[in-house]
Amino acid sequence: MPHFRTAVLREVGAWDAYNVTEDADLGFRLARFGYRSTTFASTTFEEAPARFGGWLRQRSRWMKGWMQTWSVHMRRPRRLWRTQAQRGFSR
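Computed from a prediction, not measured in an experiment: that's the story for all the values here.

A look at helix 3 (residues 52-73)
For helix 3, spanning 22 residues, the distance from its first C-alpha to its last is 31 Å, which sits close to the expected 32 Å at 1.5 Å a residue. Where helix 3 is buried, its residues touch helix 2 (22-32) and helix 4 (77-84).

Take a look at the structure:
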């Protein structure tokens, strides 16, 4: 279960509601504002798709989301570099 500080979410502009990988978008936004995200050790009861077709659709959706995230944040590459470079743009 995700845990967010509401004030921080508002500060960074939340996430792109149209992006299918909203976690990736939110990660970029948090980093741009100097925040970081972490994960907590926990158990998940989700299962990976059992059939190739489901697996392929899932991976395709994730790739689409990463391309969306990258293209949105690269609209202003200088700003992205300026705000991310010191905080791990290339990490």
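Thoughts on a nonpolar patch on the surface
A surface patch of nonpolar side chains, amounting to about 320 Å² of accessible area, comprises F52, W55 and L56. Relative to the elements of secondary structure, F52 occurs in helix 3. Judged by its relative accessible area of 58%, F52 is exposed.

Details of the pattern of salt bridges
Scanning the model with the defined rule gives one salt bridge in all. Here R29 and D25 are joined by a salt bridge, their closest N and O atoms 2.6 Å apart. Pair noted here: R29 and D25 are both in helix 2, with a separation of four residues, about one helical turn. Across this residue pair, the class does not change: R29 and D25 are buried.

The rules behind these values
- Residues numbered from 1 in each chain as written.
- Predicted model: local features only at pLDDT ≥ 70, side-chain atom pairs only at ≥ 80, totals over all residues.
- Heavy atoms only, no water.
- Helix = DSSP H or I, 4+ residues; strand = E, 2+ residues; numbered from the N terminus.
- Expected span 1.5 Å × (residues − 1).
- Contact = heavy atoms within 4.5 Å.
- Patch = residues over 30% accessible without salt bridge, like charges linked within 9 Å, V, L, I, M, F, W, Y side chains within 5 Å.
- Areas by Shrake-Rupley, 256 points an atom, 1.4 Å probe, with all protein chains shown as cover.
- Salt bridge = Lys/Arg side-chain N within 4 Å of Asp/Glu carboxyl O.
- Buried < 20%, exposed > 50% of the residue type's maximum accessible area, 1.4 Å probe, protein only.

As far as function goes, none of this settles anything; it's purely spatial.
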